[in-house]
Amino acid sequence: QVQLVESGGGLVQAGGSLTLSCAASGNTFIIGAFGWYRQAPGEQRELVAVISRDGNTNYADSVKGRFTISRDNAKNTVVLQMNSLKPEDTAVYYCNARSRFPPWSVYWGQGTQVTVSS
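Let me begin by describing the structure that accompanies this report. None of the values given here were measured: they were computed from a predicted structure.

### Remarks on empty space enclosed by the protein
Working step 1: Throughout the structure, instances matching the rule amount to one cavity of 30 Å³ or more.
Working step 2: Of the pockets and cavities examined, the largest cavity occupies roughly 40 Å³.
Working step 3: Looking at the lining of the largest cavity, the elements that each hand over two or more residues are β4 (31-39) and β7 (67-72).
Working step 4: Among the residues forming the lining of the largest cavity, the class breakdown is two nonpolar, three polar and three charged.

### What about unusual backbone geometry?
Working step 1: In this structure, the amide linkage connecting Pro102 to the following residue, Pro103, adopts the cis form with an omega of 10°.
Working step 2: Mapped onto the elements, Pro103 comes out in the loop between β9 (91-99) and β10 (106-108).
Working step 3: Look at Ser84: it is not a glycine, yet its phi comes out positive at around 50°.
Working step 4: Tracing the backbone shows Ser84 in the loop between β8 (77-82) and β9.
Working step 5: Its identity is not glycine, yet Trp104 carries a phi of approximately 55°, on the positive side.
Working step 6: By secondary structure assignment, the location of Trp104 is in the loop between β9 and β10.
Working step 7: Here Trp104 falls in the exposed class, since its relative accessible area comes to 54%.

### Here's the deal with the pattern of salt bridges
Working step 1: Taken as a whole and assessed by the stated rule, the structure comprises four salt bridges.
Working step 2: The partner of Arg38 in a salt bridge is Glu46, with the nearest N and O atoms 2.7 Å apart.
Working step 3: Accessibility expressed as a relative area gives 6% for Arg38, which makes it buried.
Working step 4: For Arg66, the salt bridge goes to Asp89, with nearest N and O atoms at 2.8 Å. You can see Arg66 sitting in the loop between β6 (57-59) and β7 and its partner Asp89 sitting in the loop between β8 and β9, a full 23 residues away along the chain. Asp89 shares its class with Arg66; the two are buried.
Working step 5: Put simply, Arg38, Glu46, Arg66 and Asp89 are held in one network by salt bridges that share partners.

### Looking at the side chain of Arg38
Working step 1: On the secondary structure map, Arg38 appears in strand β4.
Working step 2: A polar side-chain atom of Arg38 sits 2.7 Å from a polar atom in the side chain of Glu46.
Working step 3: In this structure, Arg38 is in contact with Gln44, Arg45, Glu46, Val48, Ser62, Val63, Phe67, Glu88, Asp89, Ala91, Val92 and Tyr93, ignoring residues within four places of it in sequence.

### Details of the side chain of Ser99
Working step 1: Here Ser99 shows up in strand β9.
Working step 2: The buried category is assigned to Ser99, whose relative accessible area is 10%.
Working step 3: At 3.0 Å, the side chain of Ser99 and the backbone oxygen of Phe101 are in polar contact.
Working step 4: Residues contacting Ser99, with those up to four places away along its chain left out, are Ile30, Gly32, Trp104 and Ser105.

Cut-offs and rules
Residues numbered from 1 in each chain as written. Predicted model: local features only at pLDDT ≥ 70, side-chain atom pairs only at ≥ 80, totals over all residues. Heavy atoms only, no water. 1 Å grid on protein atoms, 1.4 Å probe; cavity = no way out; pocket = protein on both sides within 12 Å on 5 of 7 lines; lining within 4 Å. Points joined across faces, edges and corners; volume = space filled by probe spheres on them. Helix = DSSP H or I, 4+ residues; strand = E, 2+ residues; numbered from the N terminus. Nonpolar A, V, L, I, M, F, W, Y, C, P; charged D, E, K, R; others polar. Buried < 20%, exposed > 50% of the residue type's maximum accessible area, 1.4 Å probe, protein only. Salt bridge = Lys/Arg side-chain N within 4 Å of Asp/Glu carboxyl O. Polar contact = N/O pair within 3.5 Å; in protein donor to acceptor, adjacent residues only side chain to side chain. Contact = heavy atoms within 4.5 Å.

Next up, the structure:
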C-alpha cells in the first residue's frame, strides 16, 4: 500500500502562485508515475499533470506554460508549482500515484483546496 498526503493549498488572487506538495509513504518502491488531478464543484475530476518515474511530463492544455510538475524519487515527493493562477483553476487538487507493477494499483491523496479569487 501507498499513502499520499498533500499540502500547500489555499486562497490566492488571480495572477498569483501556489506550490502543492505530495509526500508518499509505505511501499514507495512500487510507484511509477505521479500525477496531479483536480475537481471543481459539479465537474468531473480531470488530469492536470503527470510525471513518469524517469521525469517525463505531460500537462493538460489549460495549464501548459503555467504549471510545472516535478518529483524527487529519493524523498518520494511530487510538487506542482502553479503560476499565473486563474479563477478557473479553483478546485480540489488530488495527488495520484500509479504502481509500476501488476496489478497496476492506483492511489489517491485526500485532496487540498485551491481557491483563486478574481
